[in-house]
Amino acid sequence: WHKEVVQSVTQEEGGSGKITVWMPSGDSITVDQIILATGFGKDPPARPLVNSIAERNGLKLCDCGYPAPDESLRWHKRIFLAGALGARG
């Protein structure tokens, strides 16, 4: 696995179609195909909104700033989490 922010991607024209992925560090990796490229940063998305909701409703946040839901991804009796906010480490 290569876990780093991507700066740019280029694809060779012609027969090979190889894809080169460049990182800000200058490192690159060349592959035949990219199957999935998705993710999110380590800070929670919409952090000001999340903090505001937590503060107003007395809801728990993890040390990393993400909401701390129960096993059903319920953060509040009327708030269920999904996507990046629902990711559990």
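The coordinates are above.
Sequence order as written defines residue numbering, which begins from 1 separately in each chain. Since the coordinates come from a predicted model, pLDDT governs what is reported: local features require at least 70, and pairs of side-chain atoms require 80 or more to be given and counted, while whole-chain, interface and lining totals use all residues. For side-chain calculations, the full set of non-hydrogen atoms in the structure is used, while hydrogens and water are omitted.

Asks: I would appreciate a short explanation of helix H1 (residues 47–57) in the present structure.
Replies: Note on helix geometry: an α-helix contains 3.6 residues per turn, so any two residues three or four positions apart are oriented the same way. Three exposure classes are used, based on accessible area relative to the maximum for each residue type with a 1.4 Å probe and protein chains only: buried under 20%, partly exposed in between, and exposed over 50%. Put simply, DSSP H or I for four residues or longer makes a helix, DSSP E for two residues or longer makes a strand, and each gets a number counted from the N terminus. All buried positions along H1 are accounted for by Val50, Ile53 and Ala54. Take H1 and look down its axis: the buried residues cluster within an arc of 95°, on one side only. Projecting away from the buried face of H1 at angles above 90 degrees are the exposed residues Pro48, Glu55 and Arg56. Summarising the contacts, the buried residues of H1 are in contact with strand E4 (74–76), strand E5 (79–80) and helix H2 (83–86). Just beyond H1, the residue with positive phi is Gly58, at close to 65°. Working definition: the arc comes from the directions between the helix axis and the C-beta atoms, pointing outward to the latter. Contact definition: two residues touch when any of their heavy atoms are within 4.5 Å.

Asks: Help me understand the sheet that holds strand E3 (residues 28–31), please; the structure alone is not making it clear to me.
Replies: By way of backbone hydrogen bonds, the strands of a sheet pair with one another, either parallel or antiparallel. Two strands are said to pair when DSSP picks up at least two bridges between them. One open sheet accounts for three strands, arranged E1-E2-E3; its pairing is antiparallel. Edge positions in the sheet fall to strand E1 (8–11) and E3, since each of these pairs with one other strand and no more. Averaged over all pairs of adjacent strands, the angle between their axes in this sheet comes to 20°, without regard to strand direction. As paired strands, strand E2 (residues 19–22) and E3 are joined by four bridges and run antiparallel to one another. Paired with Thr20 across the bridge in E3 is Thr30. Simply put, an axis is a line fit to the C-alpha atoms, just over the touching stretch for a helix, and the angle between two N-to-C directions goes from 0 to 180 degrees.

Keep in mind that these numbers describe shape and distance, not what the molecule does.
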